[in-house]
Every structure is written in C-alpha cells, then in structure tokens.
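Per-entry structural report
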Amino acid sequence: AGTLSQRLKPGDTVNPGTLIGRIVIGEGKRDFRCEVPGTLDRWLVSDGAPVPAGQPVAEISPSAEIVWEALRALYVIGQPADLPVVERYTRPLPNLPDNIRRQADLTARSLHSRSP
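Think of each chain on its own: its residues are numbered from 1, step by step along the sequence as written. This being a predicted model, a pLDDT of at least 70 is required before a residue's local features are given, and a value of 80 or more before pairs of side-chain atoms are given or counted; all residues contribute to the totals for chains, interfaces and linings. Only hydrogens and water are removed before side-chain values are computed, so all heavy atoms of the structure are retained for them.

1. Focus: the overall build of the protein
The secondary structure listing takes helices from DSSP runs of H or I that are at least 4 residues long and strands from runs of E that are at least 2 residues long, numbered from the N terminus. Broken down by element type, the protein carries three helices and seven strands. The helix and strand sequence of the protein, counted from the amino end, reads β-β-β-β-β-β-β-α-α-α. Against the globule reference of 13 Å for 116 residues, the protein gives a C-alpha radius of gyration of 17 Å, more extended than a compact globule. Expressed along its principal axes, the backbone C-alpha trace of the protein runs to roughly 55 × 30 × 20 Å. Taking as baseline every contact in the protein between residues at least 6 positions apart, the subset at least 24 positions apart corresponds to 49%. Note that accessible areas follow from Shrake-Rupley with a 1.4 Å probe, and for residues the cover is restricted to the protein chains shown. Accessible surface, the protein as shown: approximately 7,300 Å² in total, 53% of it carbon and sulfur. Only C-alpha atoms enter the radius of gyration; for comparison, a globular chain is expected to reach 2.2 Å times N to the power 0.38, where N is the number of residues. Residue contacts are defined here by distance: any two heavy atoms, one from each residue, within 4.5 Å place the two residues in contact.

2. Describing the sheet that holds strand β4 (residues 28–33)
Any two strands between which DSSP finds at least two bridges are classified as paired. Taken in spatial order, the four strands make up an open sheet running β4-β3-β1-β6, and their pairing is antiparallel. Both edges of this open sheet fall to β4 and β6 (50–51), since each of them pairs with a single strand only. With four bridges joining them, strand β1 (residues 2–6) and strand β3 (residues 19–25) adopt antiparallel strand pairing. Each bridged residue has a counterpart across the sheet, and for L4 the counterpart in β3 is I23.

3. A few points about the pattern of salt bridges
By convention in these notes, a salt bridge is any Lys or Arg side-chain nitrogen within 4 Å of a carboxyl oxygen on Asp or Glu. Counted under the stated rule, the structure contains eight salt bridges. The partner of K9 in a salt bridge is D12, with the nearest N and O atoms 3.1 Å apart. Its relative accessible area of 53% is what places K9 among the exposed residues. Judged by relative accessible area, D12 falls into the buried class, the value being 17%. Measuring nitrogen to oxygen at the nearest pair gives 2.7 Å for the salt bridge that ties D98 to R102. Taken as a pair, D98 and R102 lie in helix α3 (residues 98–113) at a separation of four residues, close to a single helical turn. When a residue's accessible area, from a 1.4 Å probe over protein chains only, is under 20% of the maximum for its type it is buried; when over 50% it is exposed; and in between it is partly exposed. The exposure class of R102 is partly exposed, given its relative accessible area of 43%.

Printed below as a string of structure tokens:
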C-alpha cells in the first residue's frame with residue numbers, strides 16, 4: 001500500500017510510456033506508465049489518497065487507432081465471447097470517428113457467424 005501522486009489530469013493524451021502518476025511507499029516510490037495510446041478519462045483514487053496494492057487508480061480510453069486495429073484483428077480471429085467488447089463500439093461514441101462504428105458492426109457480424 002502507498003499514497004497516490006497524480007501527474008496528469010482527465011482529458012490528457014497519453015502514449016506508451018507516459019508517466020501517469022506514482023505510488024509513494026514510505027521513502028520509496030513506484031511509477032506507473034501507460035501501455036497504450038489514448039486519453040486519461042478519470043482518476044478512480046483521489047490525489048494523495050491511500051492505495052492498497054493491486055487497486056486500479058485510473059481509467060484510460062484507447063486511441064481510435066488502437067480500437068480500429070483491435071476490431072480488425074477480432075474480425076479475423078475473434079470469438080463469440082468477444083462480442084460484449086465489440087458491441088460497445090457499434091454505437092456512435094464521442095471522440096471516435098464513424099469508421100470505428102462501421103468496423104465494429106462488421107466485426108460483430110463476423111463473430112455472430114461463428115456462434116455455434
């Protein structure tokens with residue numbers, strides 16, 4: 001457990017390796033960085049609040065490019081169990097272009113065709 005030290009604010013763009021914040025543990029610290037490009041949506045823990053080990057501290061939305069590539073991959077190799085994630089993108093969403101919705105529709109149809 002430690003104390004959260006936020007570095008970014010909601011709405012900030014992140015890229016792989018971007019320092020999002022750190023957990024201060026006594027005299028030490030543990031940085032945490034983003035793994036995919038996107039946007040910091042919101043903090044789940046307030047700045048300066050205690051954080052138990054393993055607790056999620058922030059929500060990050062992936063960039064449109066990452067969503068596009070994931071949907072294209074799932075079109076080819078996805079399974080029916082992936083439908084709930086894909087269907088999230090079948091409706092217009094803020095900050096995502098319409099081609100994402102169209103690809104999600106195609107991917108969902110492809111996954112439905114694989115259902116037993």
